[in-house]
Amino acid sequence: MEETFVAYPIVITPEKNNEYYQYLVFLPDFGTYCQANTIIEALRVAVKFIRDYALTNELPPMKLELPHSIGEQLVTFVNVNLAAKKGVSVKYLWV
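Residues numbered from 1 in each chain as written. Predicted model: local features only at pLDDT ≥ 70, side-chain atom pairs only at ≥ 80, totals over all residues. Heavy atoms only, no water.

Glancing now at the overall build of the protein chain. Counting its secondary structure elements, the protein chain contains one helix and five strands. Taking the contacts inside the protein chain whose residues are at least 6 apart along the sequence as the reference set, 49% of them involve residues at least 24 apart. Approximately 6300 Å² of the protein chain is accessible, and the part contributed by carbon and sulfur atoms is 52%. (Helix = DSSP H or I, 4+ residues; strand = E, 2+ residues; numbered from the N terminus. Contact = heavy atoms within 4.5 Å. Areas by Shrake-Rupley, 256 points an atom, 1.4 Å probe, with all protein chains shown as cover.)

With that out of the way, let us pick up the pattern of salt bridges. Taken as a whole and judged by the stated rule, the model has three salt bridges. The salt bridge partner of Glu 72 is Lys 16, with a shortest N-O separation of 2.9 Å. Taken as a pair, Glu 72 in the loop between α1 (39-56) and β4 (74-81) and Lys 16 in the loop between β1 (5-14) and β2 (23-27) lie far apart in primary sequence, 56 residues in all. Of the residues examined, Glu 72 reaches a relative accessible area of 53% and is grouped as exposed. With a shortest N-O distance of 2.7 Å, Asp 52 and Lys 48 are connected by a salt bridge. Of this pair, Asp 52 and Lys 48 both sit in helix α1, four residues apart, which is roughly one turn of that helix. We classify Asp 52 as partly exposed; its relative accessible area is 37%. (Salt bridge = Lys/Arg side-chain N within 4 Å of Asp/Glu carboxyl O. Buried < 20%, exposed > 50% of the residue type's maximum accessible area, 1.4 Å probe, protein only.)

If you look at the biggest cluster of nonpolar residues, it comprises 17 residues, and the most contacted ones within it are Ile 10, Val 25, Leu 27, Ile 50 and Val 78. Contributions of two or more residues to this core are made by β1, β2, β3 (32-36), α1 and β4. Element by element, the count of residues in this core is highest for α1, at five residues. Not counting chain neighbours up to four residues away, the residues in contact with Leu 27 comprise Pro 9, Ile 10, Thr 32, Cys 34, Ala 46, Phe 49 and Ile 50. (Core = buried A, V, L, I, M, F, W, Y, C linked by side-chain atoms within 4.5 Å.)

All told, the structure shown has five aromatic pairs when counted by the stated rule. Judged by centre distance (5.4 Å) and plane angle (85 degrees), the ring pair of Phe 30 and Phe 49 falls under edge-to-face. Remark: Phe 49 occurs in helix α1 and Phe 30 occurs in the loop between β2 and β3; sequence separation between them is 19 residues. For Phe 30, a relative accessible area of 16% gives the class buried. Given the relative accessible area of 22%, Phe 49 is considered partly exposed. In this structure an aromatic cluster arises from ring pairing among Tyr 8, Phe 30, Phe 49 and Tyr 53. (Phe/Tyr/Trp six-rings, centres within 6.5 Å; stacked < 30°, edge-to-face > 60°.)

Structure below.
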């Protein structure tokens with residue numbers, strides 16, 4: 001099976017005053033937010049969102065441009081193998 005990789009930027013922002021989650025994850029190319037309790041979980045929810053989105057929608061074009069970070073934000077790319085079966089095949093690019 002041919003591997004189909006996509007890469008999108010994400011912005012991870014610490015949420016200091018929220019008792020339910022520690023990080024807010026923004027996917028700018030999709031205009032959506034996710035929530036997570038750890039950095040690793042933030043990366044995983046971003047990947048899961050992209051994979052789930054690809055099941056029913058056409059993915060936006062990849063721009064491969066990182067947005068600017070503000071304060072304590074972490075800005076990076078997630079690289080997702082859309083052809084991977086049940087297990088998640090993910091590579092993170094730390095910038």
